[in-house]
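Chain residues, written in single-letter form:
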Amino acid sequence: MPAHDEGVRASERGARVIGNAAPLMPAGLGPEQVAFLGESAANEVFVQVLCWPTIPAAWSMLAEAAAAMRVVRRGLSMSAGTAGTSWVQCVAPQLSRPLERESGAAESTLATLIGRLPVRFATAVVEQGANQRQSSDAVRYRSLFAGCLTGYDTCLKASRQNAARVIIAPGHGKVKNDLRAAVYAQMLPHMDGAERLEAMKLAFWPTGTPPLPMEVAQLAASAVSRHLQEPTQFNPLYEMVRAHLAPPSQSHAPRQESGRR
């Protein structure tokens, strides 16, 4: 398969649209019409990041950059020492594989690679107390979706671009996926930018190797989460996300989830 088709072809094979009988990828759907969600959580602080391309070639460029890095790093890794499994390897195994023997350089190398791509990010952060009821999961999902989509819509409005047709999120099993899908479908028509966003479908990636753009979204979410836990620690991937953040500028200070929405 050509490198430029890797991201979207993988999306066509693996994602499942919930609550929509239409084909997964309608005829004529371009790579710029597929966005990805990344997620991370630590100490009851939940982070969600929406990542989307700003030009049709963005996911092609990602696949080509990853392939080039594999070629360049192949010779270097032969002589390097063995490194332990890092958080980057856990979150983005495909992108980080060429760097597995260079753990000290992995974060900065991937930050540089992703930072050169024509992509943008919108983030949402929710803090949920450990003593809150399980029923507050729906409230948390609503806050995370709303936060990301508000930043996304603001960027679309400013750039006069059309919204993606599909958002692909990590799958978490039928029960959680069904709840997230129901929350998404319920809140989307009430967004301020509903006329721009209403055609977007939510899909979930099943078990198995995710496409490279999803690894980018997962890296971004994990980088924001790590910054929230240790704000004084140098975090090149977080700085990259911040540089590509959609307006308006969003604070990454955790906020308490009220559970009253």
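A. Region of interest: the overall build of the chain. Within the chain, the secondary structure is distributed over ten helices and six strands. Put simply, 76% of the contacts in the chain that link residues at least 6 apart link residues at least 24 apart.

B. Expanded view of the nonpolar core. Among the nonpolar cores identified, the biggest contains 45 residues, and Leu95, Ile114, Phe121, Leu219 and Leu237 are the most heavily contacted of them. It is helix α9 (residues 212-229) that provides the largest number of residues to this core, a total of ten residues. In this structure, Ile114 is in contact with Val119, Phe121, Val216, Leu219, Leu237, Met240 and His244, ignoring residues within four places of it in sequence. One finds Val126, Met187, Leu197 and Phe204 within the second-largest nonpolar core, a separate group that totals 33 residues.

C. The pattern of salt bridges, seen in detail. What the rule picks out here adds up to six salt bridges. For Glu39, the salt bridge identified is with Arg180, shortest N-O distance 2.8 Å. Highlighted residues: Glu39 in strand β2 (residues 34-42) and Arg180 in helix α7 (residues 174-187), separated in sequence by 141 residues. When the shortest N-O distance is used, the salt bridge between Arg242 and Glu239 registers 2.8 Å.

D. Inspection of the packing of helix α6 (residues 137-159) against α7 at higher detail. Put simply, α6 and α7 touch, their axes get as near as 9 Å, and they point 55 degrees apart. Taken together, the axes of α6 and α7 are oblique relative to one another. Classified by chirality, the crossing of α7 by α6 is right-handed. Where α6 approaches α7, its residues Asp137, Ala138, Tyr141, Arg142, Phe145, Ala146 and Leu149 are matched on the opposing element by Lys176, Leu179, Arg180, Val183, Tyr184, Gln186 and Met187. When grouped by side-chain class, the residues that make up the contact of α6 with α7 number nine nonpolar, one polar and four charged.

E. Looking closely at unusual backbone geometry. A positive phi is found at Glu44, a non-glycine position, where the angle reads about 65 degrees. Tracing the sequence through the fold places Glu44 in the loop between β2 and β3 (45-53). Of note in the backbone geometry, Arg160 takes a positive phi value of approximately 60 degrees without being a glycine.

F. Examining the layout of surface pockets more closely. If you add up the space inside the largest pocket, you get close to 210 Å³. Taken together, 13 residues line the largest pocket, and the ones lying closest to its centre are Glu39, Phe46, Arg140, Tyr141 and His172. Taken together, the elements giving at least two residues each to the lining of the largest pocket come down to β2, β3, α6 and α7. Taken together, the residues that form the lining of the largest pocket break down as six nonpolar, three polar and four charged.

G. Main features of the pairing of strand β5 (residues 166-170). Of all five residues in β5, five are buried; the element is thus mostly enclosed. As defined by bridge partners, β5 adjoins strand β6 (residues 201-205) across five bridges and the pair is classed as parallel. Pairing of Val166 across the sheet is with Lys201, part of β6.

H. Just the packing of α9 against helix α10 (residues 236-243), in detail. In contact at an axis separation of 8 Å, α9 and α10 are set at 110 degrees when each is read in the N-to-C sense. Taken together, the axes of α9 and α10 are roughly perpendicular relative to one another. In this structure, α9 meets α10 at a crossing whose hand is left-handed. From α9, Leu219, Ala220, Ala223, Val224 and His227 reach across to α10, where they touch Leu237, Tyr238 and Val241. Grouping the constituent residues of the contact of α9 with α10 by class yields seven nonpolar, one polar and no charged.

Procedures and definitions
- Each chain has its residues counted from 1, running along the sequence as written.
- The predicted origin of the model limits local features to residues at a pLDDT of at least 70 and limits the giving and counting of side-chain atom pairs to 80 or more, whereas totals for whole chains, interfaces and linings rest on all residues.
- Neither water nor hydrogens contribute to the side-chain values; these are computed over all heavy atoms in the structure.
- Counting from the N terminus, the helices are the DSSP runs of H or I reaching at least four residues and the strands are the DSSP runs of E reaching at least two.
- Any two residues whose heavy atoms approach within 4.5 Å at even a single point are treated as in contact.
- Throughout this description, the term nonpolar core refers to a set of buried Ala, Val, Leu, Ile, Met, Phe, Trp, Tyr and Cys residues connected via side-chain atoms within 4.5 Å.
- Type-normalised accessible area, obtained with a 1.4 Å probe on protein chains alone, sets the label of each residue: buried when under 20%, exposed when over 50%, and partly exposed for intermediate values.
- Any carboxyl oxygen of Asp or Glu within 4 Å of a side-chain nitrogen of Lys or Arg constitutes a salt bridge here.
- Fitting a line to C-alpha atoms yields each axis, with helices limited to the stretch in contact; the angle taken between N-to-C directions then spans 0 to 180 degrees.
- By definition in this entry, angles of less than 35 degrees are roughly parallel, angles greater than 145 are roughly antiparallel, angles of 65 to 115 are roughly perpendicular, and the rest are oblique.
- Crossing handedness: left-handed means the near helix sits turned counterclockwise from the far one by under a right angle, and right-handed means the same turn made clockwise.
- Residue polarity is assigned by list, with Asp, Glu, Lys and Arg as charged and Ala, Val, Leu, Ile, Met, Phe, Trp, Tyr, Cys and Pro as nonpolar; anything else, Gly included, falls into the polar class.
- A 1.4 Å probe that fits but cannot get out identifies a cavity on a 1 Å grid over protein atoms alone, an open set with protein on both sides within 12 Å along at least five of seven lines counts as a pocket, and a residue lines either if it has an atom within 4 Å of a point.
- Grid points are joined across faces, edges and corners, and a volume is the space filled by probe spheres set on the points.
- Pairing between strands requires that DSSP locate at least two bridges from one strand to the other.

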